[in-house]
Each structure stands twice: as structure tokens, then as C-alpha cells.
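An overview of the molecular structure
Chain by chain, the residues run as shown.
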Amino acid sequence: MLVEGRPHPSAYISGGAEKHITSIVQTREKIQVDSGIKDLLILKTTDSGFENYIRDKYTTLKETSDRIFATNCEVNWLYQTTPADFTSAFRDIRTTLINVFADHKSLSVQHTLYAMAEKVLEKFGIVKEISLKMPNKHHIPFNLQQFEMENNNEIFIATDEPYGYITGTVTRD
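Residues numbered from 1 in each chain as written. Predicted model: local features only at pLDDT ≥ 70, side-chain atom pairs only at ≥ 80, totals over all residues. Heavy atoms only, no water.

Attention now goes to helix 2 (residues 109-123). The first and last C-alpha atoms of helix 2 sit 21 Å apart over 15 residues, in line with the 21 Å expected at 1.5 Å per residue. All of the buried residues along helix 2 are V109, T112, L113, A115, M116, A117, V120 and L121. (Helix = DSSP H or I, 4+ residues; strand = E, 2+ residues; numbered from the N terminus. Expected span 1.5 Å × (residues − 1). Buried < 20%, exposed > 50% of the residue type's maximum accessible area, 1.4 Å probe, protein only.)

Right, let's talk about the pattern of salt bridges for a bit. Applying the stated criterion across every chain yields a total of five salt bridges. Across the pair E18 and R94 runs a salt bridge, and its minimum N-O distance is 2.6 Å. Of this pair, E18 sits in the loop between strand 3 (11-13) and strand 4 (19-26) while R94 sits in helix 1 (residues 86-103), and the two are 76 residues apart along the sequence. One salt bridge in this structure joins R91 and D92, with 3.8 Å as the shortest N-O distance. Judged by relative accessible area, R91 falls into the partly exposed class, the value being 44%. Take D92: its relative accessible area is 34%, and that puts it in the partly exposed class. (Salt bridge = Lys/Arg side-chain N within 4 Å of Asp/Glu carboxyl O.)

So, about the pairing of strand 5 (residues 31-44). Here strand 3 pairs with strand 5 via three bridges, running antiparallel. In the strand pairing of strand 5, A11 is matched with K44. Here strand 4 pairs with strand 5 via eight bridges, running antiparallel. The residue bridging K19 from the neighbouring strand is K38, located in strand 5. Between strand 4 and strand 5, which follow one another and run antiparallel, lie four residues. In this structure, strand 5 lies alongside strand 6 (residues 69-79), joined through nine bridges in antiparallel fashion. If you follow L43 over to strand 6, its bridge partner there is A70. (Pairing = 2+ DSSP bridges.)

Right, let's get into unusual backbone geometry. Unusually for a residue other than glycine, E4 sits at a positive phi of about 55 degrees. For D39, which is not glycine, the phi torsion reads 60 degrees and is therefore positive. Its relative accessible area of 24% is what places D39 among the partly exposed residues.

See below:
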């Protein structure tokens, strides 16, 4: 993943199925343009944790101060004014989202989701609101004890459990 024109040492982006999406609704009174990204698969190998959360008897996720953070992100934003160039606006908003994801010291997926949305609203006055869906794609340390080996946070396995489907919408006042 490029951040500020340079490869990021611990953040990655899939070269796969990402799509640019747009919805336009016109009535007699107005035109509403929503734009966004679907299937943006992003991952960072450090600077993400999840600690001090509410626990109950059903909690299975272990607390950690450093973990792999991976998500298949979907983002939608509503324009409040028409940009001069939709392609440039899309590219600049996408770049902002990716840069925040890569450089943000994440205390949780929710924490990073809000930081990404907040930065877009801060930088782009043409955006009225932004919604993100960031399902947590867990990568947990692989148990090497069965081979009488120690895993020093080097080998991980992707898992669907526990499952977290984190969503949020941030709007201007």
C-alpha cells in the first residue's frame, strides 16, 4: 500500500475485487449523488489492538495490544454539493481513507472507522455524510504446540470466528 507516495511498512491492500460504486437519484426538487467503494480489502500487521472492552460469559475474543487488523471495507458517501470532477473527488477520498487506515494507531475497528470518516468530512466540504462497513477479518496466532514449537507472533491463520460486523455513519452538523 502506498501512503504519501511511499510503500507502507505494515499496511497492505488487495489488488483484487475493489469496485467504485455510485447511486444517483433525481426528483423534481433535487439530485442526490452517493458514491463509494465496495470490496476494499485492506490489512495492517501492527498498530491495532483491542483491550478493556465489556466482557460477559459469551466473550471469546482475547484482549491484545497488537494484532493484525484486516477488513473487507465498504464505504459510501453522500455529496452535499457537486464536485467539479467526480473522478478526482473519488480518488482523493479513497486516498484519504487508505492513508488514515494505514497510519492510525487503532484501539479498535470502531476507533479507526470513526477516524477515517472524520478525516474525510474534515478534508472534503463536498461530502455531507459517510458510512463505513468494516467486518473484522480475524487472523489469530496458529497453535504450534502440537509440533512442540513456539509461535512468537509470526504465523497466523485467518478465521471467521469470532465475527465482528462493525458499521457506522458520520454526518456533518
